[in-house]
Amino acid sequence: MSPAGCSHVNGYKVDNWKQNLRVIYQCFVWSGTAEARRRKVLQSDAGWTELFYHLANELSITPQGPAKPKTKRQSISWSVDTQLFPIVKTSGPMPSLACLKELIPDGKCSAAAKSCICHMCGAHLNRLHSCLYCVFFGCFTKKHIHEHAKNKRHNLAIDLLYGGIYCFVCQDYIYDKDMEQIAKEEQRKAWKLQGIGEKYTTWEPTKRELELLRHNPKRRKITTNCTIGLRGLINLGNTCFMNCIVQALTHTPLLRDFFLSDRHKCEMQSNSCLVCEMSQLFQEFYSGHRSPHIPFRLLHLVWTHARHLAGYEQQDAHEFLIAALDVLHRHCKGDTIRDDNGKKANNPNHCNCIIDQIFTGGLQSDVTCQVCHGVSTTIDPFWDISLDLPGSSTPFWPLSPGGDGGIVNGESHLSGATTLTDCLRRFTRPEHLGSSAKIKCGGCHSYQESTKQLTMKKLPIVACFHLKRFEHSAKLRRKITTYVSFPLELDMTPFMASSKESRMNGQYQQTVDVLNNDNKYSLFAVVNHQGTLESGHYTSFIRQHKDQWFKCDDAIITKASIKDVLDSEGYLLFYHKQFLEYE
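Residues numbered from 1 in each chain as written. Predicted model: local features only at pLDDT ≥ 70, side-chain atom pairs only at ≥ 80, totals over all residues. Heavy atoms only, no water.

Engineer: Can you help me understand the packing of helix 11 (residues 274–285) against helix 12 (residues 296–305) in this one?
Structural biologist: Helix-helix packing: each pair is described by the crossing angle between the helix axes and the interaxial distance. Running from N to C, helix 11 and helix 12 cross one another at 160°; their axes reach a closest spacing of 10 Å. With respect to helix 12, the axis of helix 11 lies roughly antiparallel. Viewed along their axes, helix 11 and helix 12 form a crossing whose handedness is left-handed. Facing helix 11, whose interface residues are Leu274, Glu277, Met278 and Leu281, helix 12 presents Arg297, Leu298, Leu301 and Val302. Class assignment of the residues belonging to the contact of helix 11 with helix 12 gives a composition of six nonpolar, no polar and two charged. (Axes fitted to C-alpha atoms, helices over the stretch in contact; angles between N-to-C directions. Helix = DSSP H or I, 4+ residues; strand = E, 2+ residues; numbered from the N terminus. Parallel < 35°, antiparallel > 145°, perpendicular 65-115°, else oblique. Left-handed = near helix turned anticlockwise from the far one by under 90°. Contact = heavy atoms within 4.5 Å. Nonpolar A, V, L, I, M, F, W, Y, C, P; charged D, E, K, R; others polar.)

Engineer: For this particular structure, what's the right way to read the pattern of salt bridges?
Structural biologist: When their charged atoms lie close together, side chains carrying opposite charge are able to pair. Following the criterion strictly, the structure yields 18 salt bridges and no others. Of the charged contacts, one joins Arg425 and Asp422 as a salt bridge, the two residues approaching to 3.3 Å between their closest N and O atoms. Taken together, the residues Arg425 and Asp422, both in helix 15 (residues 420–427) and three residues apart, mark about one turn of the helix. By relative accessible area, Asp422 is classed as buried at 1%. Among the ionic contacts, a cluster of salt bridges with common partners joins Arg22, Glu185, Glu186 and Lys189. (Salt bridge = Lys/Arg side-chain N within 4 Å of Asp/Glu carboxyl O. Buried < 20%, exposed > 50% of the residue type's maximum accessible area, 1.4 Å probe, protein only.)

Engineer: Sorry if this is basic, but what is going on with helix 13 (residues 317–331) here?
Structural biologist: It helps to recall that an α-helix has 3.6 residues per turn; residues three or four apart then point in one direction. Counted at 1.5 Å a residue, the expected span for helix 13 with its 15 residues is 21 Å, and the 21 Å between its end C-alpha atoms agrees. Counting buried positions over the 15 residues of helix 13 gives eleven, a clear majority of the element. (Expected span 1.5 Å × (residues − 1).)

Engineer: Quick question: what am I supposed to make of helix 11 here?
Structural biologist: In a regular helix each residue adds 1.5 Å, so twelve residues correspond to 16 Å; helix 11 covers 16 Å between its end C-alpha atoms and thus fits that length. For helix 11, a buried count of nine out of twelve residues is recorded, marking the element as mostly surrounded by other parts of the structure. For helix 11, the full list of buried residues reads Leu274, Val275, Cys276, Glu277, Met278, Ser279, Leu281, Phe282 and Phe285. Where helix 11 is buried, its residues contact helix 9 (240–250), helix 10 (253–260), helix 12 and helix 13.

Engineer: How should the sheet that holds strand 8 (residues 361–369) be read in this particular structure?
Structural biologist: Strand pairing within a sheet occurs via backbone hydrogen bonds; the two strands may be parallel or antiparallel. Overall, antiparallel pairing links the four strands, which are arranged 9-8-17-14 in an open sheet. Each of the sheet's edge strands pairs with one partner strand only, and the pair in question is strand 9 (375–382) and strand 14 (431–432). Where strand 8 lies against strand 9, eight bridges are found, and the strand directions are antiparallel. Within strand 9, the residue paired with Thr368 across the bridge is Val375. (Pairing = 2+ DSSP bridges.)

Engineer: So what exactly am I meant to see when it comes to the nonpolar core here?
Structural biologist: A general feature of soluble globular proteins is that nonpolar side chains tend to end up buried together. Ile245, Leu255, Ala317, Ile355, Phe359, Tyr538 and Phe574 are the most contacted members of the largest nonpolar core, which totals 62 residues. Sequence-distant contacts of Leu255, that is, excluding residues within four places in its chain, are made with Leu249, Phe282, Ile354, Ile355, Ile358 and Phe359. Listed in part, the 31 residues of the second largest apolar core include Leu490, Tyr521, Ala560 and Val565. (Core = buried A, V, L, I, M, F, W, Y, C linked by side-chain atoms within 4.5 Å.)

Engineer: Whenever I open this one, the confidence of the model for the protein chain confuses me. Can you help?
Structural biologist: Reading predicted coordinates in detail is not appropriate for stretches of low pLDDT. Of the residues in the protein chain, 70% reach a pLDDT of 70 or more, and the chain-wide mean stands at 76. For residues 33–55, every residue scores under 50 in pLDDT, and the model assigns this stretch 65 contacts once sequence neighbours within four places are set aside. Across residues 399–406, confidence stays below pLDDT 50; counting only partners more than four residues off in sequence or on other chains, it has 16 contacts. (pLDDT = per-residue confidence, 0-100.)

Engineer: I would appreciate a short explanation of the packing of helix 9 against helix 13 in the present structure.
Structural biologist: Interhelical geometry of helix 9 versus helix 13 gives an angle of 55° and a closest axis separation of 9 Å. What the angle tells us is that helix 9 and helix 13 run oblique. Like other packed secondary-structure pairs, helix 9 and helix 13 cross with a definite hand, here right-handed. Contacts from Phe241, Met242, Cys244, Ile245 and Leu249 of helix 9 reach helix 13 at Ala317, Phe320 and Leu321. Per-class residue counts for the contact of helix 9 with helix 13 are eight nonpolar, no polar and no charged.

Engineer: What should I look at first to understand the environment of Gln530 in this one?
Structural biologist: In this structure, Gln530 sits in strand 25 (residues 520–531). Separated by 49 residues in sequence, Gln530 and Thr481 place their C-alpha atoms 9.7 Å apart. In this view, Gln530 contacts Lys479, Ser535, Gly536, His537 and Thr539; residues no more than four positions away in its chain are not counted. Side-chain polar atoms of Gln530 contact the side chain of Thr539, separated by 3.5 Å. (Polar contact = N/O pair within 3.5 Å; in protein donor to acceptor, adjacent residues only side chain to side chain.)

Engineer: Whenever I open this one, the pairing of strand 3 (residues 128–131) confuses me. Can you help?
Structural biologist: The side chains of a regular strand alternate, first on one face of the sheet and then on the other. Residues Leu128 and Ser130 line one face of strand 3 and the alternating positions His129 and Cys131 line the opposite face, and both faces are buried. Strand direction decides the pairing type here: strand 3 and strand 4 (residues 137–139), joined by three bridges, are antiparallel. Each residue of the ladder has a partner; that of His129, found in strand 4, is Gly138. Counted between consecutive antiparallel strands, the loop separating strand 3 from strand 4 contains five residues. Bridging between strand 3 and strand 5 (residues 156–159) involves three bridges; their strand directions are antiparallel. By the bridge assignment for strand 5, Cys131 is matched with Ala157.

Engineer: Sorry if this is basic, but what is going on with the environment of Ala123 here?
Structural biologist: Among the secondary structure elements, Ala123 is positioned in the loop between helix 5 (108–113) and strand 3. Overall, Ala123 belongs to the buried group, its relative accessible area being 19%. Spatially, the C-alpha atom of Ala123 lies 7.6 Å from that of Cys139, the residues being 16 residues apart in sequence. Not counting chain neighbours up to four residues away, the residues in contact with Ala123 comprise Ile117, Cys118, Leu128 and Cys139.

Engineer: Mind showing me how you'd approach the side chain of Lys479 here?
Structural biologist: As for its placement among the helices and strands, Lys479 is situated in strand 20 (residues 477–479). Overall, Lys479 belongs to the buried group, its relative accessible area being 15%. A polar contact is formed between the side chain of Lys479 and the backbone oxygen of His529, at a distance of 2.8 Å. A polar side-chain atom of Lys479 sits 3.1 Å from a polar atom in the side chain of Glu569.

Here's what the structure looks like:
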């Protein structure tokens, strides 16, 4: 692309292109609720012809003919999907806008306008794009919009989720000042119409920042040998449990992006807000300084907001993680953003703060009556999954079939070693509750024996697995040192609620889908505990780049191999979804 920008945009900027582009942004990109979209579709002041064609696309009206009419009085042949709109059963002159309003039943328009789908496969996801030259929606992921562009030589399309313009000749998203201005204007109008104001303000560099950029033309590049983000933490007295969790959180991709982009809007006193302190901590970690950081303010705020962790005694790293996420979640309330329809967030906690966006999943519990086989289902939020281990007082479910060398999720079963998959399979197996734990059945209206099964209804972006190595009971207090093999890459598909029917008697039948990465995870941090229940020390392994691992032992950071990571005992395992992987 030339410094002047994409030259192919000029071919689009003819006739009434601004009105055409505004209609697309109004109807399909920035429209929020279905009702708001309906109002914009039916009341837009845009050119009648362009509006009709976009209406035609959304309302299943199929124009017949080689080209658009020149004026709104000119007739074309047109037809209507009579199943969707049975009131319209005619062909002939193109109806007026007022006539369209009368013909289309109330509610039908908003239902249709909401369903932008690919014209080739019918999907409404897969990064849907709209052609800027004609009425065509196509998947970007499955390259249906690419096929249309090639066949029709329509080189420009718009991303219906973010509003970016893609050029198929340049093979990249492009920037055009005029188009960007239209996009911003229509976005502001949409927010005003929805009554939510501006969700955020575009960052613009200050005069001082521009001056600094002019005087420092060289930029620090992120390379495979880059150590930005690696920084030791001083142990303030048995605070290794805190240091290892801080290392894991500061290397969580989306959490890092949130704090480094200064997204937190504090509604508390800054000296008591843990989110403000975490924001400052991220700045310290990624500042390029290599001397160990002293996290005294973080420790003080944790003591203030989680009293049970106050003091210099050794604490449990898992307990600290849950407490830290809870406090961050409570202090992030000011950052909560509802979705475009004004509804609650799409996670089981019904919160859209950054903590819940990243860490919250949904755990489905199905209780089945043994008499009438009625099922009672509940879904609860979770931040982590605690897994029983062999060697505990709880009977452990047998290992995977083919324990003499089979490989599941990349984990070897040589020598009968327990794997993370074994632990997950045990966690999601049906469990008979017994006669001493009868539950009142809604179908039988009496107390009956039942079975209970846990599965994953919704997976979080970051999945944290807690291996229950510390056993506390009235008679026993000990650490379980059973070695558990865990993989670099993990597929959670077999443990989903949607896969439940393929699991029989505690076994499952895994289906292979190489194209679906929604349930696939990559390991990025491991917390370990050395020592006994009474006396021990926490360390962590964190991944800096795709295959570069480092061991964090308080103030000391050393390079580690993948073998070092996978051979470690493992107490907390952090995985993130593979769509966050960057080459």
